[in-house]
Amino acid sequence: MKQMIIEGNHKLKGTIEIGGAKNSAVALIPAAILAKGKCIIKNVPNISDRDALIDILKLLNCDVTLESNILTIDSTNLKNAPIGAELSNRLRASYYFMGALLGREKYVEINIPGGCNIGSRPIDMHLEGFKALGATIETHKDKYILKADKLIGTDIFLRFQSVGATINLILASVYAEGTTIIHNAACEAEIINIIDFLNNMGANIKGAGSSTITITGPTKHHDAEITVLPDRIEAGTYIILGALCGDNLCIKNIIPAHLEALTTKLKEMGANIKINNDSIIISETKDLKPINIKTLVYPGFPTDIGQPMSVLLTQCHGTSLFEETIWENRMGHVPSLNKMGAKIKVNGMSAIIEGPTKLTGKEVIATDLRGGAALVLAGLIAEGTTIITDVEHILRGYENIVTKLTNVGAKIELKEI
Ligand code: EPZ
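Read on for an overview of the structure. On a predicted model such as this, the values are computed, not experimentally measured, just so you know. The residue count restarts for each chain, going from 1 along the sequence in the order it is written. At least 70 in pLDDT is required for a residue's local features to be given in this predicted model, at least 80 for side-chain atom pairs to be given and counted, and no such filter applies to totals for whole chains, interfaces and linings, which use all residues. As a rule here, side-chain values come from all non-hydrogen atoms in the structure, and water together with hydrogens is ignored.

On to the packing of aromatic side chains, then. Aromatic pairs are defined between Phe, Tyr and Trp rings, using the six-membered ring for Trp, whenever the two ring centres lie within 6.5 Å; interplanar angles under 30 degrees are classed as stacked, those over 60 as edge-to-face, and all others as tilted. Per the counting criterion, the structure on display carries 2 aromatic pairs. Considering the side-chain rings of Tyr95 and Tyr96, the 5.0 Å spacing of their centres and the 70° angle between planes classify their relative orientation as edge-to-face. For Tyr95, a relative accessible area of 8% corresponds to the buried category. Positioned above the aromatic ring of Tyr175 is the side chain of Lys36, whose terminal nitrogen or guanidinium carbon lies 4.4 Å from the ring centre. Geometrically, a charge over a ring is one whose NZ (Lys) or CZ (Arg) sits within 6 Å of the ring centre while staying within 35 degrees of the ring normal. Across the ring face of Trp327, the terminal group of Arg121 is positioned such that the distance to the ring centre comes to 4.6 Å. Type-normalised accessible area, obtained with a 1.4 Å probe on protein chains alone, sets the label of each residue: buried when under 20%, exposed when over 50%, and partly exposed for intermediate values.

Following this line, the structure appears as structure tokens:
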């Protein structure tokens, strides 16, 4: 078990380089087995979710090498094997092996996936889609067995633009016979990254970035390369940090178009922000205006930046509203923020935030990845020392967070307890 100790109230200055996107990397890694050859994935973030997926690849007899942030996966000699609870529970994205193995092997045995406790997280749309492609699904106590003689392309209508279901169904359908059309598909930038990778290995997928994705299969695949796109959520978290306590803090290696929902809100609040081609420079701004935030699917305000943003709302002059629409349980960080001095009232999936409030260091608990990141931001502006426990949640998704923050002047350390 690790804890994070933060001495707050220091101005942050310098440059934070953003790594590859977690939510892209965690799908690209399982997708690599669809090449049936050697894949090189560049700019892979150094996070514990990456390590969990590598362990699953090794279980499946893939050759894996990691040098710095370049991951090479050779799945030529893949041997299918049940993915047990110990591995599948380590992260949500273990479920991308459902689509990838069903596509390649027509058989998958996997325990239910893990992930953050931010809601009930059903996977009914994934399973319905696999069935529509011709798979049969047995559900045992904690385990799914998916099998098919062959998969046949079909029309799939998603009732919600689910990121995970869109990606999983694309993975399963590249080896399906005929045309699969996914209607009401998610449009996140990460999905374009996955489709580019699959097309690089020989797949025939059209419509990336739109809500209608057409996959024509089966295609013959070969070795391929891809670079993980920059992590817009990591970037968004540090941009918010810049608005809280930055002194010309530069957030570099980003795609500003992917962050427009956030930067538009920051401008509306009156934040001191300068947007360049691949970086944003941001400083602490006094007298920030209160605003209303409602999380939505892409290109709306990302649910994954809502919790970090709630910390900035505690520093606005007046009453702000933070409304979550994707996950039922995105307010796990609020009791900790209130313990530190924030005035936040939660009502179901919404929170009313009164500001500005002075925050004071306390011992708090990271209940989930983004809620944990919110506590890091709060600790960095608080008077005194903040101790965050259960930081494993944070390390799942923010690469080298302590080093990146220390390099710009933060007083933060990780301690084994
Ligand atoms: C991805 O989760 C991300 N995770 C999440 O990021 C992110 O919050 C989410 O997309 C939305 O942007 C990964 O990419 C690994 P969804 P995912 O399927 O794919 C409901 C983070 O902090 N739903 O788009 O699991 C679901 O309950 C993580 O980095 C069903 O009802 O999200 C939710 O209300 C947390 N049935 C909504 O759809 C299904 O079969 C959106 O879920 C699938 C989803």
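Before going further, it helps to examine the sheet that holds strand E14 (residues 246–252). One open sheet accounts for 4 strands, arranged E2-E14-E16-E15; its pairing is mixed. At either end of the open sheet lies a strand with only one pairing partner, and these are strand E2 (12–17) and strand E15 (272–275). Taking the axes of each pair of neighbouring strands and ignoring which way they run, one obtains an average angle of 10° across the sheet. Strand pairing is defined by DSSP finding a minimum of two bridges between the two strands. The secondary structure listing takes helices from DSSP runs of H or I that are at least 4 residues long and strands from runs of E that are at least 2 residues long, numbered from the N terminus. Strand direction decides the pairing type here: E15 and strand E16 (residues 279–283), joined by 4 bridges, are antiparallel. Paired with Ile273 across the bridge in E16 is Ile282. Helix H8 (residues 232–245) rests against E2, E14, E15 and E16 of the sheet, and its axis sits at about 170° to E14. Helix axes use the C-alpha atoms of the stretch in contact, all axes being lines fitted to C-alpha atoms, and the angles between their N-to-C directions lie in the range 0 to 180 degrees. Two residues qualify as a contact provided that any one of their heavy atoms is within 4.5 Å of a heavy atom in the partner residue.

Attention now moves to the layout of surface pockets. Grid points spaced at 1 Å over the protein atoms alone were grouped into cavities, where a 1.4 Å probe fits but cannot get out, and pockets, open sets with protein on both sides within 12 Å along at least five of seven lines, with lining residues defined by an atom within 4 Å of a point. Grid points are joined across faces, edges and corners, and a volume is the space filled by probe spheres set on the points. Taken as a whole, the largest pocket holds about 990 Å³ of empty space. As for the largest pocket, its lining consists of 44 residues, of which Arg121, Val163, Gly164, Ile326 and Trp327 are closest to the centre. Of all the secondary structure elements, the ones that give two or more residues to the lining of the largest pocket are helix H1 (22–31), helix H5 (124–132), helix H6 (163–173), H8, helix H10 (303–313) and helix H12 (369–381). Three residue categories are used. Nonpolar comprises Ala, Val, Leu, Ile, Met, Phe, Trp, Tyr, Cys and Pro, charged comprises Asp, Glu, Lys and Arg, and polar comprises the others, including Gly. For the lining of the largest pocket, the class distribution of residues is 21 nonpolar, 9 polar and 14 charged. An automatic or database domain assignment is the source of the domain bounds shown. Counting contributing residues per domain, the lining of the largest pocket is built from domain 1 (2–17 + 230–416) and domain 2 (26–227), each supplying no fewer than three. In this model, the second largest pocket occupies a volume close to 410 Å³. At 3 residues, the largest contribution of residues to the lining of the second largest pocket is made by H8. A class-by-class count of the residues in the lining of the second largest pocket yields 9 nonpolar, 6 polar and 6 charged.

In short, shape yes, function no, at least from these values alone.
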